[in-house]
Amino acid sequence: MEQYAIKGGSALVGEVEIGGAKNAALGILAASIMTNDTVLIENLPDVRDINVMIQAMQSIGAIVTRVDRHTIKVNGGNINTQIVEGDYIKKIRASYYLVGALLGKYNSAEVKLPGGCNIGTRAIDQHLKGFKALGARDAGIDGGMIVAHAANLKGAHIYLDMVSVGATINLLLASVMAEGMTIIENAAKEPHVVDVANFLNCMGANIKGAGTDVIRVRGVQSLHGTEYAIIPDQIEAGTFMFAAAVTKGDVTVKNVIPKHLESISAKLLELGCEIEESDDAIRVVASKPLEHTHVKTLPYPGFPTDMQPQITVALGLAEGTSIVTESIFENRFKYVDELSRMGANVKVEGSSAIIEGVKGYSGASITAPDLRAGAALVLAALSAEGFSTVDDIKYIERGYEDFEIKLRGLGAMIEKVENDRDIQKFKLRVG
Ligand code: UD1
């Protein structure tokens, strides 16, 4: 099984190019099959979740052509079924966007229930409530499938009980060709929600208010082809920014939208890092000891839950006591046991982690429990004295393209290995 072998202790220094946003791309891929014209999508990250989504689109008849590693053409004109049932689709959370897309285009969808990271219960009741309001009266879960069928879709006024990225995007997809006006209240404001709305508007949709908590969708007859470049990935960028903080490094993340990273930059300033912003890059310099602080994860523009493990790893090295409160997913501290094995002093009480900073981590054999926690544990290993191995990197590869290659570009000693012999060779090489 593939692992990362890491020798920690050196500061990461240099520039790293950030790829397209995975979570925007998942919504955009689903949207791309809603026209019979060809759509060109650029800046698509080459990560496992995206490739599973493409496989699902192909399984129902969409034609996907790779132009280059980060550019594809999609044609949804030959879709021959509205049933997505391959077991592989359970690997990703965002398979449920195919429900919104197929329902919106064909008034009918049956998609195997999603999987994704095990970070909480992850209900989809708000998605189903919205589909029902739009006219899919049977929307529900049946035999392991999400099903939704409608005679015709009609615009509706939908109030989401909680801010949900997934439900907001799914309801955009389902309502974009519904008759009349749909209003989504308490909508998610994440940059990837705005990107999906912008993409749909480029395809001829009429969506206003994306990025605020009230989105208005006036249904259109049909959507047409377009060319679109996906926004940079906020969480990939944030992860490299925290890599600078934990390794006392100096890292510039390039090809980013600094506005999307404000809550992350603000916390890094509180931790004592220096931040330099330009139009499409942010430099993080961590020359002083890290300072403790408190943080609570919140929907955008709050501090992202997908950055919670990374900031916990950094605060584990900050002098004094910090408290990290997770308010989005209830099961997101599973990595703390692994971090403790590296010498961290973290206690989890309910939805908060109480962190007493330690001087440094020490290398250990650890396992990635999910995507973002996996990446955070890699950061911990990069800052640690000595060797570490990180197992189950398949989770990390769901959302980070060439993670170890990009880290090596910043001077990290990290390699993907397959067995003990590879680990011994790595140890000999890096000393
Ligand atoms: C998306 C992101 C994920 C990120 C999360 C929050 C994708 C593929 N994944 O996940 O990386 O961590 O947003 O920014 O884009 N909820 C319900 N009922 C629902 C929907 C959600 O109770 O119908 C709850 C969830 O359990 C969770 C909260 O609402 O507690 C937010 O979830 P949501 O924003 O929907 O997350 P995802 O779209 O699954």
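Residues numbered from 1 in each chain as written. Predicted model: local features only at pLDDT ≥ 70, side-chain atom pairs only at ≥ 80, totals over all residues. Heavy atoms only, no water.

Draft legend 1. The site of the ligand, seen in detail. Residues in contact with the ligand amount to 20 residues; listed here are only the nearest, D125, Q126, S164, D306 and I328. Interatomic distance of 3.0 Å between a side-chain N/O atom of Y96 and an oxygen atom of the ligand. Contact distances for the ligand include 2.6 Å between an oxygen atom and a side-chain N or O atom of D306. For the ligand, whose unbound accessible area comes to 740 Å², protein coverage reaches 89%. Elements supplying a minimum of two residues to the shell around the ligand: α1 (22-32), α4 (125-133) and α5 (165-175). Per-element accounting of the shell around the ligand gives the leading share, 3 residues, to α4. Here the residues of the shell around the ligand are counted per class, giving 9 nonpolar, 6 polar and 5 charged. Counting contributing residues per domain, the shell around the ligand is built from domain 1 (3-19 + 232-430) and domain 2 (22-229), each supplying no fewer than three. (Near = heavy atom within 4 Å. Polar contact = N/O pair within 3.5 Å; in protein donor to acceptor, adjacent residues only side chain to side chain. Areas by Shrake-Rupley, 256 points an atom, 1.4 Å probe, with all protein chains shown as cover. Helix = DSSP H or I, 4+ residues; strand = E, 2+ residues; numbered from the N terminus. Nonpolar A, V, L, I, M, F, W, Y, C, P; charged D, E, K, R; others polar. Domains from an automatic or database assignment.)

Draft legend 2. Quick look at the sheet that holds strand β4 (residues 63-68). Overall, mixed pairing links the 4 strands, which are arranged β4-β5-β3-β14 in an open sheet. Two strands close off the open sheet at either side, each with one partner strand: β4 and β14 (227-229). On average, each strand axis in the sheet is inclined to that of its neighbour by 20°, with strand direction left out of account. Sheet analysis places strand β3 (residues 38-42) next to β14, joined by 3 bridges and oriented parallel. Within β14, the residue paired with I41 across the bridge is Y228. In this fold α1 packs onto β3, β5 (71-75) and β14, with an angle of close to 170° to the strand it touches most, β3. (Pairing = 2+ DSSP bridges. Axes fitted to C-alpha atoms, helices over the stretch in contact; angles between N-to-C directions. Contact = heavy atoms within 4.5 Å.)

Draft legend 3. Here's a closer look at the packing of α4 against α5. Running from N to C, α4 and α5 point in directions that differ by 20°, and their axes come no closer than 9 Å. For the element pair α4 / α5, the angle class is roughly parallel. Of the two elements, α4 crosses α5, and the hand of that crossing is right-handed. Every residue of α5 that contacts α4 at Q126, H127, G130 and F131 is listed here: G166, A167, N170, L171 and A174. Considering only residue class, the contact of α4 with α5 consists of 4 nonpolar, 5 polar and no charged. (Parallel < 35°, antiparallel > 145°, perpendicular 65-115°, else oblique. Left-handed = near helix turned anticlockwise from the far one by under 90°.)

Draft legend 4. Expanded view of the domain arrangement of the chain. Segmentation of the chain into domains returns domain 1 (3-19 + 232-430) and domain 2 (22-229). Relative to domain 2, the C-alpha centre of domain 1 lies at a distance of 31 Å. Listed as interface residues are 25 residues of domain 1 and, on the opposing side, 25 residues of domain 2. Taken together, the two surfaces of domain 1 and domain 2 that pack against each other cover about 2000 Å², and 48% of this comes from carbon and sulfur. Taken as a group, Y300, R398 and E401 account for 35% of the area that domain 1 buries against domain 2, more than any other trio of residues on that side. Counting across the domain 1 and domain 2 interface gives 4 salt bridges. Among the salt bridges present, the one from E397 reaches R48, with a minimum N-O distance of 2.8 Å. Linking domain 1 with domain 2 are 7 residue pairs in polar contact (both at pLDDT 80 or more), by the criterion used here. Of the residues belonging to the side of domain 1 that touches domain 2, the class tally is 7 nonpolar, 6 polar and 12 charged. (Buried area = accessible area lost by both parts, 1.4 Å probe. Salt bridge = Lys/Arg side-chain N within 4 Å of Asp/Glu carboxyl O.)

Draft legend 5. Here's a closer look at the sheet that holds strand β22 (residues 365-367). Strand order in this open sheet of 4 strands is β22-β23-β1-β24, and the pairing throughout is mixed. Strand pairing shows two members of the sheet lacking a second neighbour, β22 and β24 (413-417), which therefore form its edges. Going from strand to strand, the sheet's axes swing by 20° on average, the running direction of each strand aside. By the bridge criterion, 5 bridges tie strand β1 (residues 3-7) to β24 in an arrangement that is antiparallel. Within the sheet, the bridge partner assigned to I6 lies in β24 and is I414. Along the sheet, helix α11 (residues 371-383) makes contact with β1, β22, β23 (387-391) and β24, crossing β1 at roughly 30°. Helix α13 (residues 420-430) contacts β1, β23 and β24 of the sheet and is inclined by roughly 160° relative to β24.

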